[in-house]
Amino acid sequence: MFEDYVYDGEAINKSVLHVAILRIKQQLGKINIENVTNSGYVLKPYSGE
C-alpha cells in the first residue's frame, strides 16, 4: 500500500521503506508507529516511555 501511494506502484527495497517510516515518525512526534510482522505498520498513541 505504501509503495502504491507514495511511490506510485514502483517497487522499492526495504531500506527505502525503513527510512521513509523513520521520517514519518520524526514528523508525527506523539504517534508511535509499530511494525506488525507480515502485515504492515500500526499507528498508536505515544505511551510516554
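Looking up the protein chain in an unreviewed UniProt entry gives the name Two-component response regulator domain-containing protein, with the organism given as Sulfurospirillum multivorans.

Q: Account for the overall build of the protein chain, with residues named and values stated.
A: The helix and strand inventory of the protein chain stands at 2 helices and 2 strands. Expressed along its principal axes, the backbone C-alpha trace of the protein chain runs to roughly 35 × 25 × 15 Å. In the protein chain, which comprises 49 residues, the share counted as buried stands at 6%. Taking contacts inside the protein chain between residues at least 6 apart in sequence as the whole, the part at least 24 apart equals 3%. Here the protein chain has roughly 4400 Å² of accessible surface; of this, 52% comes from carbon and sulfur atoms. Positive and negative side-chain charges of the protein chain, numbering 5 and 6 respectively, have mean locations separated by a distance of 11 Å.

Q: Lay out the pattern of salt bridges in plain terms, naming residues and giving numbers.
A: Side-chain pairs of opposite charge can arise where the charged atoms are in close proximity. Counted according to the given criterion, the structure contains 1 salt bridge. One salt bridge in this structure joins Lys44 and Glu34, with 3.3 Å as the shortest N-O distance. On the criterion of sequence distance, the pair formed by Lys44 in strand β2 (residues 40-45) and Glu34 in strand β1 (residues 31-36) is long-range, its members being 10 residues apart.

Q: Can you explain the layout of surface pockets? Please cite residues and give values.
A: Looking at the largest pocket, its volume works out to about 460 Å³. Lining the largest pocket are 18 residues, with Phe2, Leu17, Ile21, Gly40 and Tyr41 sitting closest to its centre. Mapped onto the lining of the largest pocket, the elements with two or more residues apiece are α1 (2-6), α2 (14-28), β1 and β2. Among the elements that line the lining of the largest pocket, the one with the most residues is α2, at 6 residues. Looking at the lining of the largest pocket, its residues break down into 11 nonpolar, 5 polar and 2 charged.

Conventions we followed
- Residues numbered from 1 in each chain as written.
- Predicted model: local features only at pLDDT ≥ 70, side-chain atom pairs only at ≥ 80, totals over all residues.
- Heavy atoms only, no water.
- Helix = DSSP H or I, 4+ residues; strand = E, 2+ residues; numbered from the N terminus.
- Buried < 20%, exposed > 50% of the residue type's maximum accessible area, 1.4 Å probe, protein only.
- Contact = heavy atoms within 4.5 Å.
- Areas by Shrake-Rupley, 256 points an atom, 1.4 Å probe, with all protein chains shown as cover.
- Lys, Arg positive; Asp, Glu negative; His and termini not counted.
- Charge placed at Lys NZ, Arg CZ, Asp CG, Glu CD.
- Salt bridge = Lys/Arg side-chain N within 4 Å of Asp/Glu carboxyl O.
- 1 Å grid on protein atoms, 1.4 Å probe; cavity = no way out; pocket = protein on both sides within 12 Å on 5 of 7 lines; lining within 4 Å.
- Points joined across faces, edges and corners; volume = space filled by probe spheres on them.
- Nonpolar A, V, L, I, M, F, W, Y, C, P; charged D, E, K, R; others polar.

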